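Structure at a glance
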Amino acid sequence: MDDFIKVPFSLYRGDPFWVPLLIADLRKFFDRRINPFFRHSSARFFVAYKDNRPIARIAGIINNRHNEFHNEKTGFFGFFECPDDQGLAAELFGAAASVAKESGMDRLRGPANYSSNDDWGFLCDGFDLPPVFQMPYNPPYYLSLAEKCGFVKCKDLLAYYLDHTIPLPENSLRLEKIIRKRERIKVRAINLADFDRELENIRLIYNAAWSKNWGFVPMTQEEIEHVAADFIKIVDPHIVFLAFVNDEPAGFSLTMPNLNPVLKKMNGRLFPTGFLKFLWHTKIRRSIDGVRIMATGVVHKYQKLGIDNIFYVDTYRVAQTRGYKWGELSWILEDNALMNSALQNIGGRPYKRYRLFEKKI
């Protein structure tokens, strides 16, 4: 597993945009005893070697909850990393396909690391800028490797860019004032002092608000708690919001500081100096000037009340007071017309694109 984890460290050596994740966190992420994904699903991990050196990797993933929720027989490939070698890529994709076939699947889709609740897609547009927090990055030739192995586009995901020099539209500000006057609607920042209750509110909202999205898989209670245990260490609670209608959980907006510039300096290691670098840049110097708006959702029966507009306005205002100057809103399904229109109306511009591939097996 250490060889599997370290493949990208050699493959991307010298790449100015690649951001190494913490090796200690990756070991937990891939550990079947720790990651709750393995309570209901499975994965097999493959490493390719040359001269006894690990040079490429892939995982064949069976996401049982996805197939149950969508009534599909889809296997997934994930964590694909490979030099520009078509023959080697074919062997890797073949290994993942063999996992899917053995489990009775009829198609292979990816990259999905492990599900829609994790990293999705190959970067296919926007290679001139570094990735933001928990978004994937890859060289352009990955697209060709997949296509020449028979994969075709399945779905594109968009990332939007917005900075503090772009003012919010007047109609958004007017609408926000009108909505706030409705006494039954309340929007507030997350309360970390009552985190268990807040987490339950988030779970209810998340699984309800995203339930009709293409490819969505509801998170289990254990998965929510597992993710939250890491996020609570790095979250800025001032820019995470919950909405209630008549005291019923109605919406949730999660924005995280873009930690990638700091992670890059740490080079995958907390010790001996990585932890000090993290403290310096996040707590003392406060050098992080960007955010990623990771999730904004409203329960279906409340989607016409304009709660999402309040989320956008509050995030924009509070983020500026916290010293953030720009943000990425990601990811958005390319055919989610309502969300894409809303982001464009507040001045967001699509600046990166990610692609999911699939093929019949």
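The rules behind each value
Residues numbered from 1 in each chain as written. Predicted model: local features only at pLDDT ≥ 70, side-chain atom pairs only at ≥ 80, totals over all residues. Heavy atoms only, no water. Helix = DSSP H or I, 4+ residues; strand = E, 2+ residues; numbered from the N terminus. Rg over C-alpha atoms; globule rule 2.2 N^0.38 Å. Buried < 20%, exposed > 50% of the residue type's maximum accessible area, 1.4 Å probe, protein only. Contact = heavy atoms within 4.5 Å. Areas by Shrake-Rupley, 256 points an atom, 1.4 Å probe, with all protein chains shown as cover. Lys, Arg positive; Asp, Glu negative; His and termini not counted. Charge placed at Lys NZ, Arg CZ, Asp CG, Glu CD. Expected span 1.5 Å × (residues − 1). Polar contact = N/O pair within 3.5 Å; in protein donor to acceptor, adjacent residues only side chain to side chain. Core = buried A, V, L, I, M, F, W, Y, C linked by side-chain atoms within 4.5 Å. Pairing = 2+ DSSP bridges. Right-handed = clockwise from strand over helix to strand, strands pointing away. Phe/Tyr/Trp six-rings, centres within 6.5 Å; stacked < 30°, edge-to-face > 60°.

1. Considering the overall build of the chain
A count of helices and strands for the chain gives 12 helices and 14 strands. In summary, the chain has a C-alpha radius of gyration of 21 Å against a globular reference of 21 Å for 361 residues, a match within 12%. The principal-axis extents of the C-alpha atoms in the chain amount to approximately 65 × 50 × 35 Å. Taking all 361 residues of the chain together, 53% fall into the buried category. The contacts of the chain with a sequence gap of at least 6 include a subset with a gap of at least 24, amounting to 76%. Carbon and sulfur atoms provide 51% of the accessible area of the chain, an area that totals close to 17,100 Å². Here the chain holds 50 positive side-chain charges and 42 negative ones, and the gap between their average locations is 2 Å.

2. Comments concerning helix 4 (residues 86-102)
The end-to-end C-alpha distance of helix 4 is 24 Å, a good match for the 24 Å that 17 residues give at a rise of 1.5 Å each. Within helix 4, burial applies to Leu88, Ala89, Leu92, Phe93, Ala95, Ala96, Ala97, Val99 and Ala100. Those residues of helix 4 that are buried lie in contact with strand 1 (42-50), strand 2 (53-62), strand 3 (74-81), strand 4 (107-110) and helix 5 (141-148). A distance of 3.1 Å separates the backbone nitrogen of Gly87 from a side-chain oxygen at the start of helix 4, and that oxygen is part of Asp85.

3. Things to note about the nonpolar core
Phe77, Phe80, Phe93 and Tyr114 are the most contacted members of the largest nonpolar core, which totals 59 residues. By residue number, the principal contributor to this core is helix 4, which donates eight residues. Not counting chain neighbours up to four residues away, the residues in contact with Phe80 comprise Arg57, Ile58, Ala89, Leu92, Phe93, Phe122, Tyr142 and Leu145. Formed by 48 residues, the second largest nonpolar core is a distinct cluster that contains Ile205, Phe252, Met256 and Tyr324.

4. A word on unusual backbone geometry
A cis amide bond links Gly110 to the next residue, Pro111, at an omega of 0°. Considering the arrangement of structural elements, one finds Pro111 in the loop between strand 4 and strand 5 (112-113). Looking along the chain, the bond that leaves Ser330 and enters Trp331 is cis, with omega of -10°. Among the secondary structure elements, Trp331 is positioned in strand 13 (residues 326-333).

5. Observations regarding the pairing of strand 12 (residues 290-298)
Looking along a regular strand, one sees the side chains alternate between the two faces of the sheet. Of all nine residues making up strand 12, nine are buried, and the element is well covered by its neighbours. In the sheet, strand 12 pairs with strand 13 via four bridges, with the strands oriented parallel. Bridged to Arg292 within strand 13 is Glu328. With respect to chirality, the unit in which strand 12 leads through helix 11 (residues 307-321) into the neighbouring parallel strand 13 is right-handed.

6. Some points on the side chain of Asn309
Looking at where Asn309 falls in the secondary structure, it is placed in helix 11. Residue classification places Asn309 among the buried residues on the basis of a relative accessible area of 8%.

7. What to know about the packing of aromatic side chains
For the coordinates displayed, the defined rule picks out 34 aromatic pairs. Between the aromatic rings of Phe79 and Tyr114, the centroid separation amounts to 5.1 Å while the plane-to-plane angle is 70°, which identifies the pairing as edge-to-face. With a gap of 35 residues between them, Phe79 in strand 3 and Tyr114 in the loop between strand 5 and strand 6 (119-120) connect regions that are remote in the sequence. Tyr114 carries the same exposure label as Phe79, and that label is buried. Both rings, one in Phe80 and one in Tyr142, keep their centres 5.1 Å apart while their planes meet at 80°; by these two values the pair is edge-to-face. A residue pair is termed long-range when its members are at least 10 positions apart, and Phe80 in strand 3 and Tyr142 in helix 5 qualify at 62 residues. In terms of burial, Phe80 and Tyr142 fall into one category: buried.

Honestly, it's all geometry; don't read function into it.
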